[in-house]
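Per-entry structural report
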Amino acid sequence: MTATDTITETKLLTADDLLRLHGQGVRGELIRGVLELEETMVSGYTHGKIVMSLGATLFNFVKPRSLGTLVAADSGVWLERDPDTVRGPDIAFTSAEKIPLNADIPGYSEVVPDLVVEVRSPSDTRREVHDKARMWLSHGVRLVWVVHPDTRTVDVHRPDRAATTLAGDDSIDGADVLPGFACALAEVFGP
């Protein structure tokens, strides 16, 4: 018997497997068929407060204008097949042109969002969230905001451009994804 005979092949999971596991209380993302479990600890109060604040601000801009749909992390986005990749951004906006407002999607959306917001968790490194932002862009997301609660900054990622960092009295804007949207960082982070 050779060393290669003792190597066992790992069974890759599918998006359907992930959805079933989620129903059993297992939380995580699927990266090329491999389950990446979320931390056993939740991300914390500050993380949740920022997600809700920015989500509400986006909702109050998007909803009355019927611009599209906003979803939270548990909804998931199916990015690749065979092997499957399903990621869950903290907030995602998809335009009404891509997903009609009355669409009923019982599982994961297979439509890439236009805007993704990732709020850095205490266990994430800056490099990890930067790589995640670049991954979203490589799948066609047009705008990614990475929010850093510890430094009260936001990195703005766009295709074919270097990321820019907003701080202090700056505002994040929707650029060509959500024209007219702007939110002061003070509103994102609160007092």
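Residues numbered from 1 in each chain as written. Predicted model: local features only at pLDDT ≥ 70, side-chain atom pairs only at ≥ 80, totals over all residues. Heavy atoms only, no water.

Notes on the overall build of the protein
Applicable threshold: Strands are runs of DSSP state E lasting at least two residues, helices are runs of H or I lasting at least four, and both sets are numbered from the N terminus onward. The globule rule used for comparison is 2.2 Å times the number of residues to the exponent 0.38, while the radius of gyration itself is calculated over C-alpha atoms. Only protein chains enter the accessibility calculation, which uses a 1.4 Å probe; a residue whose area is less than 20% of its type maximum is buried, one above 50% is exposed, and one in between is partly exposed. Two residues form a contact once any of their heavy atoms are found within 4.5 Å. What sets the accessible areas is the Shrake-Rupley method with a 1.4 Å probe; for residues, cover comes only from the shown protein chains. For the purpose of charge, His is not counted, nor are the chain termini; Lys and Arg are scored as positive and Asp and Glu as negative. Note that the charge is assigned to NZ on lysines, CZ on arginines, CG on aspartates and CD on glutamates.
Helices and strands together make up the secondary structure of the protein, namely four helices and twelve strands. Radius of gyration (C-alpha) of the protein: 18 Å, near the 16 Å computed for a compact globule of 191 residues. On the principal axes, the C-alpha backbone points of the protein span a range of 65 × 40 × 35 Å. Buried positions account for 40% of the 191 residues belonging to the protein. In the protein, of all internal contacts separated by at least 6 residues, the share reaching a separation of at least 24 is 54%. Surface accessibility of the protein: about 10,800 Å² in total, with carbon and sulfur atoms responsible for 54%. A gap of 4 Å separates the mean positions of the 19 positive and 29 negative side-chain charges of the protein.

Details of helix α1 (residues 15-23)
Rule in force here: Throughout, the arc means that of the directions going from the helix axis to the C-beta atoms.
Of all the positions in α1, only A15, D17, L18 and L21 are classed as buried. Buried residues of α1, viewed axially, fall in a sector of 155 degrees; they line one side. What points out from α1, more than 90 degrees from its buried face, is the exposed set D16 and G23. Considering only its buried residues, α1 is in contact with β1 (28-31), β2 (34-37), β4 (77-80) and β5 (85-87). The first or second residue beyond α1 is G25, which carries a positive phi of 95 degrees.

Some words on the pattern of salt bridges
What counts, and what does not: Throughout this description, the term salt bridge denotes a Lys or Arg side-chain nitrogen within 4 Å of a carboxyl oxygen of Asp or Glu.
Following the criterion strictly, the structure yields twelve salt bridges and no others. Between D114 and K98 there is a salt bridge, with its nearest N and O atoms 3.3 Å apart. Within this pair, whereas D114 is found in the loop between β6 (91-95) and β7 (115-119), its partner K98 is found in the loop between β6 and β7, the two being separated by 16 residues in sequence. Look at the salt bridges and you will find they share partners, linking K98, D114, R142, R158 and D176 into a network.

With respect to the pairing of β7
Consecutive side chains of a regular strand alternate in pointing toward one face of the sheet and then the other. To keep it simple, the criterion reads: For two strands to be treated as a pair, DSSP must find at least two bridges joining them. When the strands point away from the viewer and the connection leading from the first strand across the helix to the second strand turns clockwise, the crossover is called right-handed.
With five of its five residues buried, β7 lies for the most part within the structure. Alternating residues of β7 divide into L115, V117 and V119 and V116 and E118, and every residue in both groups is buried. Note that β6 and β7 share three bridges and pair antiparallel. Looking at the pairing, I91 lines up with V117 of β7. Handedness of the crossover joining β7 and strand β8 (residues 143-148) through helix α3 (residues 126-138): right-handed.

Re the side chain of R120
To be explicit about the condition: In protein, a polar contact means a hydrogen-donor-capable atom and an acceptor-capable atom, both N or O and within 3.5 Å, with residues adjacent in sequence counting only if both atoms are side-chain atoms; elsewhere, any N or O pair within 3.5 Å suffices.
Residue placement: R120 occurs in the loop between β7 and α3. What makes R120 buried here is its relative accessible area of 15%. Here H148 takes part through its side chain, which lies 3.4 Å from a polar atom of the side chain of R120. Look past the residues within four positions of R120 in its chain and what remains in contact with it is H47, T125, R126, V129, V147, H148, P149 and D150.

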